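Results of the structural survey
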Amino acid sequence: MIEPSLALYGDAFERVDRHLEELLGATGVRYCLLVDRKGFVLSHKEALWAPRPPALDSVATLVASNAAATAALANMLGERTFSEQTHQGENGTLYVESVGDSALLTLIFDGSVPLGRVKVHTKKAIAGLAAILKELQDAPPIQLGEDFSHGATALLDDLFG
Amino acid sequence: MSTINFAAREINCKIVYYGPGMSGKTTNLKHVFSKVPGHLRGEMVSLATEDERTLFFDFLPLDLGSVQGFKTRFHLYTVPGQVFYNASRKLILRGVDGIVFVADSAPNRLRANAESMRNLRENLAEHGIDVREVPIVLQVNKRDVEGALPTEMIRAVIDPRKELTLFEATAHNGGGVFETLKSVSRLVLDRLAQNK
């Protein structure tokens, strides 16, 4: 096993959701995603007024890959990591900050939102999110069992023949 | 190991297509993309050079459906095969749940196949993992090229102990693509069910 699994459930999931909801309200960003380092979306929120979001699993994959490449660059330059990334375009900004070693908080917003405000509120949210993810890493492993295996095999037969 | 999101009832697994440059990794993904019904797949993302060599990776999300109420999804990746892109290959292996090693049958690619497998072992080792801990399926691709090497000769340099399940393929016309994917998917899901 290269990476530990992350299993979001129950109370922890709701608390993560609340943090993202508060962050969305406080900053005025369009989309807010918590992504694991493998590139999977753990949770996401979008403003009610925001246009239809882009393909979020593709966004998550590219954000995680970008973060991994950035971390590799940091190591080459003698840093443990570069903890945040900002990509600014003419109309929008993508802001990514590490949540401990296991996840990335990603915010997407337009030019009406000041980057400084986003940074301040993101750092507050990260403290809470990091604590929740740490709890999850100590949680007992998930048991799926043989029924899952049989069900999955049947689906594979259906899809791939 | 796979990412499980209990609240959203989702299980996500990462499968990486590995192998030497030009062996047909991207072609495998393109075939899957072209044949799987639209509602079961997401967008295919390709980060490629101008001459269509993979620069960082190709990515294709694939929905298997629901298993015991869990939406089960595979994320398929390729790595860049060219030797000098090793830093990228290492990054893509992060969190891998299953690997398809795509070997090239062309007569002048035997050494490239062997070197790519050695590179895979080394890169996994750098992540602190033995190659035997990850489900791997061997796909011997381009079986239709002129002078294609015997499959057993290719296996001898990649998998001398014959530990891997082997599929012959001609990915450009889809031959063997889904058989390979099904096999690695089954291995990944079995491990998930066994909680390994």
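Residues numbered from 1 in each chain as written. Chains lettered and ligands numbered in written order. Predicted model: local features only at pLDDT ≥ 70, side-chain atom pairs only at ≥ 80, totals over all residues. Heavy atoms only, no water.

Some remarks on the side chain of Asp63 of chain B
The topology assignment puts Asp63 of chain B in strand β4 (residues 54-67). There is a polar contact of 2.7 Å between the side chain of Asp63 of chain B and the side chain of Arg73 of chain B. Setting aside chain neighbours within four positions, we find Asp63 of chain B in contact with Leu159 of chain A together with His39, Leu40, Lys71, Thr72 and Arg73 of chain B. (Helix = DSSP H or I, 4+ residues; strand = E, 2+ residues; numbered from the N terminus. Polar contact = N/O pair within 3.5 Å; in protein donor to acceptor, adjacent residues only side chain to side chain. Contact = heavy atoms within 4.5 Å.)

What to know about the interface of chain B and chain A
Taken together, the contact pairs 52 residues of chain B with 43 residues of chain A. For the pair chain B and chain A, the summed buried surface comes to about 4200 Å²; carbon and sulfur atoms form 65% of the total. There are four salt bridges connecting chain B and chain A. Taking the shortest distance from any N to any O, the salt bridge between Lys38 of chain A and Asp97 of chain B comes out at 3.4 Å. Summed over the shared surface of chain B and chain A, the result is eight residue pairs in polar contact (both at pLDDT 80 or more). For the side of chain B that touches chain A, the secondary-structure elements that each account for two or more residues are β1 (3-5), β2 (10-18), β3 (45-48), β4, β5 (70-78) and α5 (177-193) of chain B. Looking at the side of chain B that touches chain A element by element, the count peaks at ten residues for β4 of chain B. Per-class residue counts for the side of chain B that touches chain A are 29 nonpolar, 13 polar and ten charged. (Buried area = accessible area lost by both parts, 1.4 Å probe. Salt bridge = Lys/Arg side-chain N within 4 Å of Asp/Glu carboxyl O. Nonpolar A, V, L, I, M, F, W, Y, C, P; charged D, E, K, R; others polar.)

Comments concerning unusual backbone geometry
Residue and element names in this part refer to chain B. At Met22, a position not held by glycine, the phi torsion is positive, near 70°. Positionally, Met22 belongs in the loop between β2 and α1 (25-35). The backbone of Lys162 sits at a positive phi, close to 55°, despite the residue not being glycine. On the secondary structure map, Lys162 appears in the loop between α4 (151-158) and β8 (165-168). Note on Lys162: relative accessible area 55%, which makes it exposed. (Buried < 20%, exposed > 50% of the residue type's maximum accessible area, 1.4 Å probe, protein only.)

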